[in-house]
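# Summary of the model geometry
The primary structure of each chain is shown beneath.
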Amino acid sequence: MELWQLPLLFSRLPMFPFFDLAHYVASVMALKEQRGAVEVSVRSPIACWFSAMLHCFGGSVLSSLMLAEPPVGFLAKGTNILLASSVWYFVFYCPQDLFCRCFAFLPLRLLVAGMKEVTRTWKITGGVAHADSHFKDAWLVMVAVGWARGAGGGLISNFEQLVRGVWKPETNELLKMSYPVKVTLIGAVLFTLQHSQYLPIARHNLMFLYTIFLVVSKVTMMLTRSAASPFAPLEAALGHMFFGSQKTPSKLKGEGAASSNGSSVCDRSSEQHHNGVKKRQAKKTE
Amino acid sequence: MELWQLPLLFSRLPMFPFFDLAHYVASVMALKEQRGAVEVSVRSPIACWFSAMLHCFGGSVLSSLMLAEPPVGFLAKGTNILLASSVWYFVFYCPQDLFCRCFAFLPLRLLVAGMKEVTRTWKITGGVAHADSHFKDAWLVMVAVGWARGAGGGLISNFEQLVRGVWKPETNELLKMSYPVKVTLIGAVLFTLQHSQYLPIARHNLMFLYTIFLVVSKVTMMLTRSAASPFAPLEAALGHMFFGSQKTPSKLKGEGAASSNGSSVCDRSSEQHHNGVKKRQAKKTE
Amino acid sequence: MELWQLPLLFSRLPMFPFFDLAHYVASVMALKEQRGAVEVSVRSPIACWFSAMLHCFGGSVLSSLMLAEPPVGFLAKGTNILLASSVWYFVFYCPQDLFCRCFAFLPLRLLVAGMKEVTRTWKITGGVAHADSHFKDAWLVMVAVGWARGAGGGLISNFEQLVRGVWKPETNELLKMSYPVKVTLIGAVLFTLQHSQYLPIARHNLMFLYTIFLVVSKVTMMLTRSAASPFAPLEAALGHMFFGSQKTPSKLKGEGAASSNGSSVCDRSSEQHHNGVKKRQAKKTE
């Protein structure tokens, strides 16, 4: 084996036992960190299990719905379900929370998070190829299905929360994209361009480079504890160029300040009113 | 005919006119008893009709969605729709509420409720067999589709309520299962095991025994007006064994008491505060 | 060409570039007029774009879901998407709002609105024929799919709003039908009857007459700025005959008056109470 063969061998890596397992561990632990999830696991193990399955197989469910294939198809993959269910059981019901404590160890967390990102590449390429087999040369469908398969858990988060009795209509992943959803969209566009042969790069090389970018950015974000997207300057530039958006954060900040001023003004006036009442009462009593 | 042939003959019972009719009557009357349903029937007969159809054919709609079959398929069964629509019309718009008064007569209510439970068995076995024809030997899919077909109206209740302008995200049938949904899940597991030949019992015998259990438990619950599930001790034992759940009801009760204490404390303090203000005012005036 | 050939030629009119364009312009401008839509266009262009696509292709998405066809199918029609996306871009991000100002010119608005109504007829007939190819002689399915295809944007408005972070469960198009949804339902029934040969009229003649009715009623409503449905008397008569509904508007009005009375009574009493307190305080001080 030589060095230039590395991407090709990498692209033949099987996902099944280890990388999928890492994906399940990372997904279910992300669920457990959400507010109210532990209470749901006590109140209703079935709702908790279904929610965990949507976290693990959300991409598969969403892309099936998009292509009018049975959304319960993921239940037919017995071994994967068994694996994900075991992870769910250990994460939520392990005595003295041993499993979670184990994965709170930083190097292990980094390993699991990195391996989960590798599965993302495989899902995007799988989604793009699958969409292409349904609709010939419909590049928007390929982007949509690749995106859905790779970032499904995030995109259906509103309905996943509904299973747990939580409903937050004021936000969703389209209104306020998180970094993983954003990077998956970029990946879906890249792999669609590659699949349509607009990108002069071999598929395994693109997979290799994209995966390295995913893993490195994920690990960096975990180590520096920053949630800042590396695309922020690019987005701001594009937003300014195409959508004429001003620097919204400062504007919003200004609004916030104004409203807090407003409320303080309001408070002040009511205080003054209160004082006035007191004075009048005092006058009367004197 | 001999006695041991009874289960076989029972399993060949046609559902179409009478049992289906009982199912429609029980479902639409359950809808009418829900808060706000009568107002919706006055404001918008179409929303009310659609809601009634979801009550009657919810299982069919949900299992179609799961297997990527047209969810409007139930509309193609003209005679059933006609029957259900007539029931809907008589239940909601009969002059002087004659139809509902008629079915308020206890023996008739028991008969209708019992016959509705018989259709449940037929739906579960139909769902299990239908799922098996799509996915070979995927027992989780069989359980899911059997459950959805048998308890569909309950499982999609959040969205059925949305049709009537009601939205209760804080609860759903997965978070807090009602008895019919629970017993349908058990039935779906049993018939899936039987279908996979893990259960050493003939299909018609299992159908006979399960239906008898359904009807007897339903009638008992209606006569004793208890909503207590016969599975409560079993569930508590399983919950304790696998999910380490403590006796949550007493704990919740304790919390409730604490909060009511809290509020009374709060009231008392505000009252004291109020008294204090009065006293101070009195002092000033004296 | 002679005059009696006009309906036939009309029914062969291609929708593609101009009528579809008018539909996109009218749909996206209707979106922009909704509260909060402009803010969403600044915050998240992707959510805004997806919302605009649901406005333009909502009928296609809904009817695909109903017939278990891929709901992303509309993304495969590249030219239409490009056209709709361009319209979306010009409506929301045109410098100095030139595009919208242009279409605020009344004759142009009337032309666009009239042409949009023509596409409605084509969609309904397309939906009815498509449903018939899936389910033979299921007239309820034909009505449902024709209705969904023609009025899709309205029927899924709850979920379209959810994309923009707005959730109004207390109302939907079934509970309180708007005029376009209502007239589309009537059209779907008429074309289903014609398709099943219960209506002794040729298809192109019905298309011609129905379109003229749509355009004339739309233009009249825009010119007189009235939202009153021309079917109101017919609906009231049918409602009275079949559903025994009383004159609900006056009743609701009465309730409204009662509640405003109630609140004024309440205010008055609190005012009196307030005065009483003052008097008592005054008494004490004297």
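Cut-offs and rules
Residues numbered from 1 in each chain as written. Chains lettered and ligands numbered in written order. Predicted model: local features only at pLDDT ≥ 70, side-chain atom pairs only at ≥ 80, totals over all residues. Heavy atoms only, no water. UniProt positions renumbered as here; feature names shortened; annotations may be inferred. Helix = DSSP H or I, 4+ residues; strand = E, 2+ residues; numbered from the N terminus. Buried < 20%, exposed > 50% of the residue type's maximum accessible area, 1.4 Å probe, protein only. Contact = heavy atoms within 4.5 Å. Areas by Shrake-Rupley, 256 points an atom, 1.4 Å probe, with all protein chains shown as cover. Buried area = accessible area lost by both parts, 1.4 Å probe. Salt bridge = Lys/Arg side-chain N within 4 Å of Asp/Glu carboxyl O. Polar contact = N/O pair within 3.5 Å; in protein donor to acceptor, adjacent residues only side chain to side chain. Least-squares fit on C-alpha atoms with pLDDT ≥ 70 in both. Axes fitted to C-alpha atoms, helices over the stretch in contact; angles between N-to-C directions. Parallel < 35°, antiparallel > 145°, perpendicular 65-115°, else oblique. Nonpolar A, V, L, I, M, F, W, Y, C, P; charged D, E, K, R; others polar. pLDDT = per-residue confidence, 0-100.

The name an unreviewed UniProt entry assigns to chain A is Trimeric intracellular cation channel type B-B-like protein, from the organism Amazona aestiva. Under the heading Catalytic activity (unreviewed entry), UniProt records this for chain A: "K(+)(in) = K(+)(out)". In its Subunit (unreviewed entry) section, the UniProt record describing chain A reads: "Homotrimer; conformation seems to be controled by binding to diacylglycerol (DAG)."

## Quick word on the overall build of chain A
What chain A contains, in helices and strands, is 13 helices and zero strands. Shown N-terminal to C-terminal, the secondary structure of chain A runs as helices and strands in the order α-α-α-α-α-α-α-α-α-α-α-α-α. Looking at the 286 residues of chain A, the share that counts as buried comes to 44%. Across chain A, contacts joining residues at least 24 apart in sequence account for 73% of those joining residues at least 6 apart. About 15500 Å² of surface is accessible on chain A, with carbon and sulfur atoms providing 65% of the total.

## Examining the interface of chain B and chain A
Contact residues are listed per partner, giving 25 residues for chain B and 29 residues for chain A. Around 2100 Å² of area is buried between chain B and chain A when both sides are counted, 76% of it from carbon and sulfur atoms. Of all residues in chain B, the largest losses of buried area upon contact with chain A belong to Leu174, Leu175 and Phe243 of chain B, amounting jointly to 29% of the total for that side. Where chain B meets chain A, there are zero salt bridges. At the boundary of chain B with chain A, the tally comes to four residue pairs in polar contact (both at pLDDT 80 or more). Put simply, the parts of the chain that give the side of chain B that touches chain A at least two residues each are α4 (45-66), α8 (139-155), α9 (157-163), α12 (232-243) and α13 (248-285) of chain B.

## Let's talk about the relation of the copies chain B and chain A
One copy of the chain maps onto the other through a rotation about an axis plus a displacement along that axis. Taken as rigid bodies, chain B and chain A are interconverted by a rotation of 120 degrees and an axial shift of 0.0 Å, the fit giving an RMSD of 0.0 Å. Both copies of the chain, as the preceding transformation shows, are related through a three-fold rotation axis. Little of the interface of chain B is mirrored in chain A: 20% of its interface residues are interface residues there too.

## Considerations on the packing of helix α10 (residues 179-195) of chain B against helix α11 (residues 203-224) of chain B
All names here are of chain B. The N-to-C vectors of α10 and α11 enclose an angle of 170 degrees; their axes lie 11 Å apart at closest approach. By the angle class used here, α10 and α11 are roughly antiparallel. Facing α10, whose interface residues are Tyr179, Val183, Thr184, Gly187, Leu190, Phe191 and Gln194, α11 presents Arg203, Leu206, Met207, Tyr210, Phe213, Leu214, Ser217 and Met221. Of the residues that constitute the contact of α10 with α11, the class distribution is 10 nonpolar, four polar and one charged.

## What to know about the side chain of Ser11 of chain C
Residues and elements named next belong to chain C. Tracing the backbone through its elements, the reader meets Ser11 in helix α1 (residues 6-11). Here Leu8 takes part through its backbone oxygen, which lies 2.8 Å from a polar atom of the side chain of Ser11. In contact with Ser11, not counting residues within four places along its chain, are Trp122, His204 and Met207.

## Considering the interface of chain C and chain A
Contact residues are listed per partner, giving 29 residues for chain C and 26 residues for chain A. Across the interface of chain C and chain A, roughly 2200 Å² is buried in total on both sides, 74% from carbon and sulfur atoms. The tally of links from chain C across to chain A stands at zero salt bridges. Taken together, the links from chain C to chain A amount to four residue pairs in polar contact (both at pLDDT 80 or more). Going through the elements one at a time, α3 (37-43), α4 (45-66), α5 (78-93), α9 (157-163) and α13 (248-285) of chain C are the ones with two or more residues in the side of chain C that touches chain A. Residues that form the side of chain C that touches chain A fall into these classes: 21 nonpolar, five polar and three charged.

## Points about the relation of the copies chain C and chain A
Mapping chain C onto chain A calls for a screw motion: a turn of 120 degrees about the axis and a shift of 0.0 Å along it, with 0.0 Å RMSD after fitting. In this assembly the copies use different faces: only 17% of the residues contributing to the interface of chain C also contribute to that of chain A.

## Brief notes about the confidence of the model for chain A
Averaged over all residues, the pLDDT of chain A equals 85, while 85% of them reach at least 70. When the criterion is pLDDT under 50, residues 247-286 of chain A qualifies, and its contacts beyond four places in sequence or with other chains add up to six contacts.

## Comments concerning the pattern of salt bridges
One pass over the structure, following the stated rule, counts 15 salt bridges over all chains. Two residues, Glu235 of chain B and Lys182 of chain B, come together in a salt bridge whose shortest N-O distance is 3.1 Å. Of this pair, Glu235 of chain B sits in helix α12 while Lys182 of chain B sits in helix α10, placing them 53 residues apart in sequence. For Glu235 of chain B, a relative accessible area of 34% puts it in the partly exposed group. For Glu160 of chain C, the salt bridge identified is with Arg164 of chain C, shortest N-O distance 2.8 Å.

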